[in-house]
Amino acid sequence: MNKTKVLTGITTTGTPHLGNYVGAIKPAIEQSWRDDIASYYFLADYHALIKGRDPKRIHQSTLEIAATWLALGLDIDRVTFYRQSDIPEIAELNWIIGCMTAKGLMNRAHAYKAAVQANDEAGEQDPDKGITMGLFCYPVLMAADILMFNAHKVPVGRDQVQHIEMARDIAGRMNHHYKTQFVLPEAVIGENTAVLNGLDGRKMSKSYENTIPLFVPEKKLLKLIRKIKTNSLEPGEPKDPETCTLFQIYSAFADADSIAAKRQQYADGVGWGELKNELFEFLNGYLQQPRERYNTLLEDPAFIEQTLLKGAAKARAEAAPLLAAVRHAVGLRPLA
Ligand code: TRP
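Residues numbered from 1 in each chain as written. Predicted model: local features only at pLDDT ≥ 70, side-chain atom pairs only at ≥ 80, totals over all residues. Heavy atoms only, no water.

Summing up its helical and strand segments, the protein chain has 14 helices and five strands in all. The C-alpha atoms of the protein chain give a radius of gyration of 22 Å, which matches the 20 Å a tight globule of 336 residues would have. Taken along the three principal axes of its C-alpha coordinates, the protein chain extends 85 × 50 × 35 Å. Across the 336 residues of the protein chain, 44% fall into the buried class. A separation threshold of at least 6 residues defines the contact pool for the protein chain, and within that pool the share at least 24 residues apart is 77%. Accessible surface computed for the protein chain: about 17500 Å², of which carbon and sulfur atoms make up 52%. The protein chain carries 39 positive and 40 negative side-chain charges, and their two centres are separated by 4 Å. (Helix = DSSP H or I, 4+ residues; strand = E, 2+ residues; numbered from the N terminus. Rg over C-alpha atoms; globule rule 2.2 N^0.38 Å. Buried < 20%, exposed > 50% of the residue type's maximum accessible area, 1.4 Å probe, protein only. Contact = heavy atoms within 4.5 Å. Areas by Shrake-Rupley, 256 points an atom, 1.4 Å probe, with all protein chains shown as cover. Lys, Arg positive; Asp, Glu negative; His and termini not counted. Charge placed at Lys NZ, Arg CZ, Asp CG, Glu CD.)

Here it is in structure tokens:
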């Protein structure tokens, strides 16, 4: 059977939070159990260098993200789970396809345009102030990640769809000019995966500093849930679940019957304090076991390192022959 290859990367700049879990990690792990799919999940640590220059943070984030996926039950025998920077073939492919990528295409990338716009709005003389070649060429590296494994489907957030289109464009040019056979990848946006709100009611995101990290200790979890913004309705007054962050988070984890029961509690006017305590009890129960596994894993970085190196060997077994074919196609060939 020809499996559909699904590939996605996680930038190693932070600590995984509930929003990451619901929006990306959980669907990815579930999908990895399907027999018609070959999954490639990787830690995008080269991409992390674009966003931050704190070596300790990137290093720690790599450890935490790897431990998170493993603690949540990712089966590394079923998937290819690796660290981007362990695959030198990606860096080489990045260069080769960069030479087939129009600069004008990169000028149109949202991330770059947003940075230019920010400079403009700040009244900067130089529109490119503070913008690195890493940021500018970010979509090329992402295309290399994807084309390296001939991925068919790439699950991403909406903000990344343009990059997948660019990867298609680059693959098309390569195929047209060099007669390579890159698969043209497609973006997959999780239409029914929830986007969680954070403590302040805006989308849960590291950049808003409103996240609930997935594996915080119990006490801290309770503290954070108590911080979630609600309105000033008193106990006894009916409350609207649809506009409530507590309800939204609950719904992302609970089954349909429990959600219906929770909705009734809102109609009955249960107080915010009680709803918060209940959300804590529920989430804490849900996270307890993986949290224990996570903490055990964090104490054994050598095991995680080994796991990643095994994943890298598996990934390189595919990447190396593909790169060899590409080198040959573009004329980087032995002389005799
Ligand atoms: N840029 C992606 C993000 O910030 C992460 C990423 C890197 C990625 N390489 C990728 C996602 C390849 C999908 C495919 O979310």
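Here we take up the nonpolar core. With 51 residues, the main nonpolar core has Leu18, Trp69, Phe81, Ile212, Ile225, Leu246 and Ile249 as its most contacted residues. Only helix H1 (18-31), strand E2 (37-44), helix H3 (55-71), helix H10 (218-227), helix H11 (245-253), helix H12 (256-268), helix H13 (272-298) and helix H14 (301-330) provide two or more residues apiece to this core. With eight residues, the single largest contributor to this core is H13. Of the domains in this structure, domain 1 (4-195 + 301-330) and domain 2 (218-296) are the two that each give at least three residues to this core. In this structure, Ala38, Ile96, Ile97 and Leu322 belong to the second largest nonpolar core, which totals 45 residues. (Core = buried A, V, L, I, M, F, W, Y, C linked by side-chain atoms within 4.5 Å. Domains from an automatic or database assignment.)

What follows deals with the packing of helix H4 (residues 88-98) against helix H8 (residues 138-147). Where H4 contacts H8, the two axes come as close as 8 Å, and the packing angle between them is 120 degrees. Classified by the interaxial angle, the pair formed by H4 and H8 is oblique. The two elements H4 and H8 meet at a crossing, and its hand is right-handed. Where H4 approaches H8, its residues Ile90, Leu93, Asn94, Ile97 and Gly98 are matched on the opposing element by Val140, Leu141, Ala143, Ala144, Asp145 and Leu147. Of the residues that constitute the contact of H4 with H8, the class distribution is eight nonpolar, two polar and one charged. (Axes fitted to C-alpha atoms, helices over the stretch in contact; angles between N-to-C directions. Parallel < 35°, antiparallel > 145°, perpendicular 65-115°, else oblique. Left-handed = near helix turned anticlockwise from the far one by under 90°. Nonpolar A, V, L, I, M, F, W, Y, C, P; charged D, E, K, R; others polar.)

Looking now at helix H9 (residues 161-178). For H9, built from 18 residues, the straight-helix expectation of 26 Å at 1.5 Å per residue is met to within 8% by its first-to-last C-alpha distance of 26 Å. Of all the positions in H9, only Val161, Gln162, His163, Ile164, Met166, Ala167, Ile170, Ala171, Met174 and Asn175 are classed as buried. Positive phi appears at Lys179, one or two residues downstream of H9, with a value of about 60 degrees. (Expected span 1.5 Å × (residues − 1).)

Moving on: unusual backbone geometry. Located in the positive-phi region is Asn150, a residue other than glycine, with phi close to 50 degrees. For Asn150, the location among the structural elements is in the loop between H8 and strand E4 (153-155). The phi dihedral of Lys179 is positive, around 60 degrees, even though this residue is not glycine. Structurally, Lys179 is set in the loop between H9 and strand E5 (186-188). On the basis of relative accessible area, Lys179 is assigned to the exposed category, the value being 62%.

Turning our attention to the pattern of salt bridges. In this structure the tally under the stated criterion is 14 salt bridges. Residue Arg202 is joined to Asp200 by a salt bridge in which the shortest nitrogen-to-oxygen separation is 3.0 Å. Of the charged contacts in the structure, one is a salt bridge between Glu242 and Arg263, with a shortest N-O distance of 2.9 Å. One end of the pair, Glu242, is in the loop between H10 and H11; the other, Arg263, is in helix H12, and 21 residues separate them in sequence. Exposure remark for Glu242: the relative accessible area of 53% places this residue in the exposed category. A cluster of three or more residues bridged by salt bridges with shared partners is formed by Arg83, Asp86 and Glu305. (Salt bridge = Lys/Arg side-chain N within 4 Å of Asp/Glu carboxyl O.)

The next point concerns the pairing of E2. The side chains of a regular strand alternate between the sheet's two faces. Summarising burial for E2: eight of the eight residues are buried, a large majority. Here eight bridges tie strand E1 (residues 4-11) to E2, and the two strands are oriented parallel to one another. Counterpart to Thr8 in the pairing with E2 is Tyr41. Considered for its hand, the β-α-β crossover made up of E1, H1 and E2 is right-handed. Alignment of E2 against strand E3 (residues 80-83), held across four bridges, turns out to be parallel. Its bridge partner being in E3, Phe42 is matched across the sheet by Tyr82. (Pairing = 2+ DSSP bridges. Right-handed = clockwise from strand over helix to strand, strands pointing away.)

Domain assignment breaks the protein chain into domain 1 (4-195 + 301-330) and domain 2 (218-296). Computed over C-alpha atoms, the centres of domain 1 and domain 2 are 34 Å apart. Domain 1 puts ten residues into the contact, and the matching count from domain 2 is ten residues. Together domain 1 and domain 2 conceal approximately 840 Å² of surface at their shared face, both sides included; 67% is due to carbon and sulfur atoms. Of all residues in domain 1, Leu18, Tyr21 and Ala71 bury the most surface against domain 2, accounting for 51% of the area lost on that side. The interface formed by domain 1 and domain 2 contains zero salt bridges. Listing elements by their share of the side of domain 1 that touches domain 2, those giving two or more residues are H1 and H3. Partitioning the side of domain 1 that touches domain 2 into residue classes produces seven nonpolar, one polar and two charged. (Buried area = accessible area lost by both parts, 1.4 Å probe.)

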